[in-house]
Amino acid sequence: MSLTARMRRLAAHVPLWMLVAVLLGGYIGPPPSTAADARISELTDGTPAVAGDYVPVSRTAGVATRKVTAQSIANLGSVVFNVKLPPYNAVGNGTADDTVAVQAALTAGAAATVYFPPGTYKISAYLDVPAGTTVIGAGRGSKILAAATAFAVNSLPAPDGAGASAIFYAGAANTVFRDLYVAGAYAGTGASGTVFGIYLGTNSTNCTVEGVWLEDHSWSGLLVHGSGHLIRGNYTKHNAIDGIEIYDASATRVIGNYLTGDGAASANGVAGIEVTAVTASTGILIHGNIIKDSAASGIVTSPAAGITLKDLTITSNQVLSPALKGITVAVSGATQTDVLIADNIVDTPLGSGGSGHGIFVYDVTRFTIRGNSVRGATVGSGPSGIKIAGASTRGVVSSNILTGNWVGLEIADTANNIAVLTNHIYTNSGADTSITTSGAGIGDVPTFGRFYLQYTNTATVGAVTINKPKMRVNIATAGTSVVVTNSLVTAASTVLCQASTNDTTAQVKNVVPAAGSFTLTTVAVTAQTSFDCVLFNAD
């Protein structure tokens, strides 16, 4: 049989496509008939890959092709590690303990981004966040919740954590926390505990905490050691000690946070924002925060005795209805220097007596209190709109509005060398101004042109000692002179005196200053006569 005849017989029983394939030495089998059997380029579009999908890969020659999950490919070279996806598998239901799973994601995501999708992640031990790691969530929907049982105390890495623990611990550089809800197990009343929300450690630098909700922690919502940090746009609520605590930190900015109901332990050293130190705190900016309904004070400094707190700026904050004081920079024995308190609003501090001052400065050197508005609640006698006390020195108090307090402006103890200029002080229940300090160099020129000096009105007749720039002295009947000892007087001083009681013959002849005293000489007075004297010194 010829080849042609054989081909005709074969074609009668075999499809032409198979015959051609055999002749060409190609594939023998049915043609592609479904999308699953098509070339990749022939497949129709489908849904995006999910974590459970598998993908075939082959690494090198001689290694068998294998399948891997789509998630492992997503993480390869990626900067985002999702705590809920394999291999971490955090549950996020608020019941399961996700501590191990979340820590695994943080460790794997070192120097990358670790993401908490919406959920409630129960945590029973501190989470150690590596250097350079960004921890982000989906806002308040991403809740990291402390287990009700107490965290292990003294568990944080050295040199941190003495007597305390935290939900998140960051002990190195460039860590970022953003858009999370970090919640403690504190009931909101009673004694404090030992757990912080976020703890930036002693060696931490250049970290950012932004857009984080910090609530119900048995210590403070956020503890800040280290330097160079930015704390911005966070929300704190019902933390036992402070909303934000700055501790032995430097060059740190606390900007635009909202703090409410913090300081439930309610003590003078407890506040919405506290700056404290046992070594030193320098270069702290507290700006544009709103502190509302603090169970203690609004903004407080509390360095240990003998410790330096320097270059503190407190500006443009609103402190509304704190249970105690508004803004306090006042610790006896600490070195607090170069302080600016400006453009703040302090409204109705509720502390009574000395616990309710609007702005309180004690033992501070080189300070400016400027452009603040303090409206008191006048709870009992004693609270002042602004009180400057202790050995505070070299200060300027200017352009403040002080109303509704017991005393508008009070300068007491040995405070000295303070210029008080163009303040608007009115409608205060006890007194608009009370200057009782024994210190020198207090000058006050309020808004309406009144001029106040430290003043003593003595009942002593004849020679007397008064170490103030303004005084009232007395000359006996028929007397013609009185010697006043005054440590402020020099031979170059100018002393002006005038008769202050009605006497037909009273007339000042001259006032002669000397080192440490001056002599007032008059025409002989008909009856005992008082004279008011004012002292001026030139630089």
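Since the structure is predicted, the reported quantities are computational estimates derived from the model, not experimental observations.

1. Re the pairing of strand β31 (residues 359-362)
Stage number 1. In this structure, strand β28 (residues 327-330) lies alongside β31, joined through four bridges in parallel fashion. Looking across to β31, one finds that Val-329 is bridged to Val-361.
Stage number 2. In terms of strand pairing, β31 meets strand β34 (residues 384-389) through four bridges, oriented parallel. From the neighbouring strand, Phe-360 faces β34, where its bridge partner is Lys-387.

2. Let's talk about the state of the cysteines
Stage number 1. Tallying each qualifying case throughout the model produces one disulfide.
Stage number 2. A sulfur-sulfur distance of 2.2 Å marks the disulfide that ties Cys-497 to Cys-533. Between Cys-497 and Cys-533 the disulfide shows an S-S torsion of about 115°. By sign, it is right-handed. Remark: Cys-533 occurs in strand β49 (residues 529-536) and Cys-497 occurs in strand β46 (residues 494-499); sequence separation between them is 36 residues. The two residues Cys-497 and Cys-533 agree in class, both being buried.

3. Some points on helix α4 (residues 99-108)
Stage number 1. Those residues of α4 lying buried are Thr-99, Ala-101, Val-102, Ala-105 and Leu-106.
Stage number 2. Residues of α4 that are buried make contact with β3 (80-82), β4 (93-97), β5 (113-116), β6 (119-123), β7 (127-129) and β8 (134-137).

4. Some details on the environment of Thr-308
Stage number 1. Turning to its location among the elements, Thr-308 is positioned in strand β26 (residues 308-315).
Stage number 2. Remark: the alpha-carbon pair of Thr-308 and Ala-334, spanning 26 residues in sequence, is separated by 6.3 Å.

5. What about the sheet that holds strand β40 (residues 431-435)?
Stage number 1. Strand order in this open sheet of twelve strands is β7-β10-β13-β16-β19-β22-β25-β28-β31-β34-β37-β40, and the pairing throughout is parallel. Single-partner strands in this sheet number two, and they are β7 and β40. Adjacent strand axes in the sheet meet at a mean angle of 10° when their direction is disregarded.
Stage number 2. The pairing of strand β19 (residues 242-247) with strand β22 (residues 271-276) spans five bridges and is classified as parallel. Each residue of the ladder has a partner; that of Ile-244, found in β22, is Ile-273.

6. Quick notes on the pairing of β6
Stage number 1. What you see with β6 is a clean split: Gly-119, Tyr-121 and Ile-123 sit on the buried side and Thr-120 and Lys-122 on the side with no burial.
Stage number 2. The pairing of β4 with β6 spans two bridges and is classified as parallel. When the bridges of β6 are listed, Asn-93 appears paired with Thr-120.
Stage number 3. When β6 meets strand β9 (residues 142-146), the two strands line up parallel, connected through five bridges. Opposite Lys-122, over in β9, you have Leu-145 as the bridge partner.

7. Observations concerning the side chain of Thr-175
Stage number 1. Counting through the fold element by element, Thr-175 comes out in the loop between β10 (165-170) and β11 (176-178).
Stage number 2. Judged by relative accessible area, which is 0%, Thr-175 ranks as buried.
Stage number 3. Those residues in contact with Thr-175 that lie beyond four places of it in its chain are Val-129, Pro-130, Ala-131, Gly-132, Thr-133, Ala-170, Asn-206, Cys-207 and Thr-208.

The rules behind these values
Residues numbered from 1 in each chain as written. Predicted model: local features only at pLDDT ≥ 70, side-chain atom pairs only at ≥ 80, totals over all residues. Heavy atoms only, no water. Pairing = 2+ DSSP bridges. Helix = DSSP H or I, 4+ residues; strand = E, 2+ residues; numbered from the N terminus. Disulfide = S-S within 2.5 Å. Buried < 20%, exposed > 50% of the residue type's maximum accessible area, 1.4 Å probe, protein only. Contact = heavy atoms within 4.5 Å. Axes fitted to C-alpha atoms, helices over the stretch in contact; angles between N-to-C directions.

That is the geometry; function is a separate question.
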